Amino acid sequence: MRWTTGQIAVAALLAAFLLLFLVVPVGQVILVAFSDGAGGVTLVHFQDFFRTSLFRESFYNSFYVAGMSVLFASALALPLAYFTVRFHFRGAILIQTLGVIPLIMPPFVGAVAMQLLFGRNGSLNLLLDQYFGFTIPIMQGLNGVIFVETIHYFPFILLNLSAALANIDRAMEEAAQNMGASGWQLFRRIVFPLALPGYVAGAALVFIKVFDDLGTPLVLNVTNMLAPQAYLRITSIGLTDPIGYVISVIMVAFSLAALWASALALKGKEYATVQRGGGGLAKRRLKPWEQAAAMALIILILIVVLSPHIGVFLLSIGTIWSFSVLPDAYTLKHYIAVFEESTGFIGNTLLYAGLAAAIDVVIGTAIAYLILRTRLVGRQTLDYVATAALAIPGVVLGIGYLRTFYGVELPNGQPLATFWVILVIAYAIRRLPYALRSCVAALHQVHIAMEEAAENLGAGKATTVRRIVVPLMAGGMLAGFVTSFVTAAVELSATLLLVAKNADAPIAYGIYVYMQTAAGRGPGAALGVIAVVLVGAGTYLSHRLIERERYQSSLEANR
Amino acid sequence: MSATAPLSVQGVGVTIENISVAFGETRVLENVSLTVNPGEFFAFLGPSGCGKSTLLRLIAGFGEAQNGRVLIGDTEISQLPPWKRNVGMVFQSYALWPHLTIWDNVAFGLEQRRVPREELARRVEAALDLVGLKAYAKRRPAQLSGGQQQRVALARTLVIEPQVLLLDEPLSNLDAKLRVQMRHEIVELQRQLGVTAIYVTHDQEEANAIADRMAILHDRVIQQIGVPMTMYDNPANAFVAQFLGIANVLEGELLAREQLFRTRLGVDLALPKNLAFNNRGRRVMFRPQAIALTGASGSAPVSGAQFQGRVRDAEFLGNIMRYRIAVGDQLLLADVPHRRGESYFPANTAVDLAIEPEQLVLLPD
């Protein structure tokens, strides 16, 4: 009675899927990086890599950009999180809502607009030059990448840190105050250490995201970083060039290391500190002048944070925008152009992201059930493997798929690697970790007695899952679906490698291609705005669903 | 609640034979055996972590026993999955499904049994009527109070006409007043239907009040099985004595021939006439209300009293005054019923204590 044949069959299917579309392709990449071409193992490709100054520089640059982005994102997120959780004032809700907005636009979309706003001849520098006679090189080279990535990914730290701060029982703080700690001491010795898990989780995520990002450097014309180098080697020299694989292995290794370091930093630190009747740091009211100062600071930050969106929007409705503070005139023709030429992109995106998200939810629910409700041997491995996808950059997965599936031909002679379904699977694998966590959290909320009651009344395992477990998990599953959907909808790195023809391409690819030419920027931005609206609506929906779920479970907890 | 039983339940016995359960290295139950008679209201009583819930869940088919078997009537059910057992269980958290209406919650078990539509409707209605919630059928669990949810959980279990009704601390989520009311309702329902019921609780008052018989579990084994009052008066060991109420325990030695117990303080206590001296007890037990307390008159105890003591403190509990009395190096508890206007012995008062032989229980070593 430890497991049923049905459970074993499901586990086997899941294992086969993960093996075929995650383990084997990534394994192929690693294999090629270490292969001497004659069946032996060699480090010569790695030596080549480190002997070439361009690659050494790329390696250093990727690190530098990821590290600096984490630093600046922390500097941005830390005060915002602390002030909003800690104090009662009007801006708090504004930050918590507007602060997540950068997440709903992939950084490469905003990158062009950022150049127009903050570049050498961008709005800001034109104004500065005109009135003060100097300019700031915010967008030059690596600075630009760091700036764009920071603005886009700091919400990961903000969200995680705010949640962690909100989870600190005020009694913890009061106990420290009671012992005589206050102000900076209180923050440094009690509040921050308790919130550390949230911060570390967010910071690790930012590091990985920036390290993996391909679109932003490409759009900003920065190629001396790892992801662009991998992409360029594979697309210009070909699938046989080992350097692309070496770079892939290095990227995977450092992403894994970042995940591992964050797990290590949190190991053995159980910081769930909300006790009965507790909840959240004590909130203090701000004096009017403090309130004004805080608001001013927040507005400044929000203007910077929202500038990519403003820029993209202006770009999408501007006629010509070059060497001027604002566009010369305004028009809707870019939108018309997009709807005339490129509705295929939108349709493809809806199809691909929808399918990928559906796959994620089904797999996520199945794995969650196996982990939490069975004692099947190897169930943890499924979890680990699925979660490890987090550490596989899109470029690497793309290269792996090309390598593994290029030789496989469909009945019509097309290589499997460029079949659109492979793109869907790549999205599904890339987003699986998020959907999985969402499903696991949802199943955690379902008290096991709910299922035992059904079994007690005569329902078998399958019926119980169908009639009790899935309906009760529905909110969390839907939230997982939306999360997968919105992030898959703007995925670029794997897309760039796996799209073979325009007819199969999704929005992200379309935006990227448009943005390559000056004339295409308008339509590209219009497509970007459409993507943002799409993703924004999805994010809002998932937020509402999660809130409703939380509200309902709090109702149940209160009975 | 209606007068006649609309659901037909056959009370059958439950037999548990040599059940042992371990979770990894932790042994939870060891060679537990007991028999529950048909139609009986039986309780598993014990402190938290004693394995009483584990044992109950085992009857329902949740969890695994390392060895032993469970029989319902004469049929062994140890190998059956939970959904084929036909034992109804009421969960501590009620486990009402929040996404289904009250009606759908109650109908679930009948749907699983493919009961024809008309009969299903009749039985669901009867079950809801039985617990007085017919008017609430269209609501959802979250819209009901704790007591109402408890009734729904009962109706949902009873509607399948289970052979045995299992209740896992069903009242622990209710407030004190409702708890007493619900336990009356549960007993009434059980008597009305004649269903065999097994009730798990850590509250000895609850078990005493409702159970025909009960088993006290502690340290992985059954400490004693019996009728509540018999066990209170004749606990099998010190644990049972102390778990079922307050026990004053005196150490000393048994003088079997003289039918005396000589306490460590040197006082000889007469033992009940009909006591069997097969075990050599070194401890004697009596309840706080067995002590007769009088104000001390002089250097020797008043006639009939055995001990002289001094009141350490007095706790007023409403219906009784509870004294802690220092006797030699020991503290004894004495309960004296309180009646309006009566005075009491303040701290430091010297008192004499008398205990009748019939109130003494010799505890085995």
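Keep in mind it's a predicted model, so treat the numbers as computed, not measured. Throughout this description, residue numbers start from 1 for each chain and increase along the sequence as written. Ligands are numbered from 1 and chains lettered from A, in the order in which they are written. Reporting in this predicted model follows two pLDDT cut-offs: at least 70 for local features of residues, and 80 or more for side-chain atom pairs to be given and counted; totals over whole chains, interfaces and linings ignore these cut-offs and use all residues. Excluding hydrogens and water, the side-chain figures rest on all heavy atoms present in the structure.

Participant: Sorry if this is basic, but what is going on with the interface of chain A and chain B here?
Facilitator: By a widespread convention, an interface's size corresponds to the accessible area lost as its parts come together. Working rule for contacts: check all heavy atoms of both residues, and any pair within 4.5 Å makes them a contact. Counting residues at the interface gives 23 residues for chain A and 27 residues for chain B. At the boundary of chain A with chain B, total buried surface from both sides reaches about 2400 Å², with 59% on carbon and sulfur atoms. By definition here, a salt bridge exists when the distance from a side-chain nitrogen of Lys or Arg to a carboxyl oxygen of Asp or Glu is within 4 Å. Counting every contact that joins chain A to chain B gives 3 salt bridges. Whenever two N or O atoms come within 3.5 Å, that pair is a polar contact, provided that in protein one can donate a hydrogen and the other can accept it, and provided that, for residues adjacent in sequence, both atoms are side-chain atoms. The interface formed by chain A and chain B holds 9 residue pairs in polar contact (both at pLDDT 80 or more) in total. By residue number, the principal contributor to the side of chain A that touches chain B is helix α19 (residues 448-456) of chain A, which donates 7 residues. Residues are grouped as follows: Ala, Val, Leu, Ile, Met, Phe, Trp, Tyr, Cys and Pro are nonpolar; Asp, Glu, Lys and Arg are charged; all remaining types, including Gly, are polar. Residues that form the side of chain A that touches chain B fall into these classes: 10 nonpolar, 5 polar and 8 charged. As used here, buried area is the combined drop in accessible area, with a 1.4 Å probe, of two parts when they are placed together. In this description a helix means any DSSP run of H or I spanning at least four residues, a strand means any run of E spanning at least two, and both kinds are numbered starting from the N terminus.

Participant: I tried to follow unusual backbone geometry on my own but got confused; where do I start?
Facilitator: Most peptide bonds are trans, and most residues other than glycine sit at a negative phi. Residues and elements named next belong to chain B. One non-glycine residue, Asn31, lies in positive phi territory at about 50°. Tracing the sequence through the fold places Asn31 in strand β2 (residues 26-36). Positive phi outside glycine occurs at Tyr94, with the angle close to 70°. Locating Tyr94 in the fold gives a position in the loop between β6 (87-90) and α2 (102-112). Residue classification places Tyr94 among the buried positions, given a relative accessible area of 3%. Buried, partly exposed and exposed residues are distinguished by accessible area as a fraction of the type maximum, computed with a 1.4 Å probe on protein chains only: under 20%, between the cut-offs, and over 50%, respectively.

Participant: In this structure, what is going on with the pattern of salt bridges? I would like to understand it.
Facilitator: When their charged atoms lie close together, side chains carrying opposite charge are able to pair. Using the criterion set out here, one finds 29 salt bridges over all chains in the structure. With a shortest N-O distance of 3.4 Å, Asp212 of chain B and Arg191 of chain B are connected by a salt bridge. Of this pair, Asp212 of chain B sits in the loop between α6 (204-210) and β9 (213-218) while Arg191 of chain B sits in helix α5 (residues 176-193), placing them 21 residues apart in sequence. By relative accessible area, which is 28% here, Asp212 of chain B ends up partly exposed. Looking at Arg191 of chain B, the relative accessible area reads 44%, which means it is partly exposed. When the shortest N-O distance is used, the salt bridge between Asp313 of chain B and Arg324 of chain B registers 2.9 Å. In this pair, Asp313 of chain B is assigned in strand β16 (residues 307-316) and Arg324 of chain B in strand β17 (residues 320-327), connecting sequence segments 11 residues apart. A relative accessible area of 33% places Arg324 of chain B in the partly exposed class. Here the salt bridges do not stand alone but share partners, grouping Arg430, Arg431 and Glu491 of chain A into one network.

Participant: I'm lost on the pairing of strand β7 (residues 164-168) of chain B in this one. Help?
Facilitator: Each regular strand carries side chains that alternate between the two faces of the sheet. Residue and element names in this part refer to chain B. Here β7 lies mainly inside the structure; 5 of its 5 residues are buried. Covered by surrounding structure in β7 are Val164, Leu166 and Asp168 together with Leu165 and Leu167, the residues of both alternating faces. With 4 bridges connecting them, β6 and β7 associate as parallel partners. Bridge pairing links Gly88 to Leu165 in β7. Should DSSP find at least two bridges between two strands, the strands are regarded as paired.

Participant: What exactly am I supposed to notice about the side chain of Asn61 of chain A here?
Facilitator: As for its position among the elements, Asn61 of chain A is in helix α3 (residues 53-86). Leaving out residues up to four positions away in the same chain, Asn61 of chain A has contacts with Leu142, Asn224 and Met225 of chain A.

Participant: What should I look at first to understand the domain arrangement of chain A in this one?
Facilitator: Residue and element names in this part refer to chain A. We note that the domain assignment places domain 1 (52-331) and domain 2 (334-366 + 403-559) within chain A. Domain delimitation in this document rests on an assignment produced automatically or drawn from a domain database. For domain 1 and domain 2, the distance between their C-alpha centroids amounts to 24 Å. Together domain 1 and domain 2 conceal approximately 2200 Å² of surface at their shared face, both sides included; 74% is due to carbon and sulfur atoms. Contact with domain 2 buries surface across domain 1, with Ile104, Phe108 and Ser316 losing the most and accounting together for 26% of the total. Put simply, domain 1 and domain 2 have 3 residue pairs in polar contact (both at pLDDT 80 or more) between them. Considering each element in turn, the side of domain 1 that touches domain 2 owes the most residues, 6 residues, to helix α13 (residues 288-317). Per-class residue counts for the side of domain 1 that touches domain 2 are 18 nonpolar, 8 polar and 1 charged.

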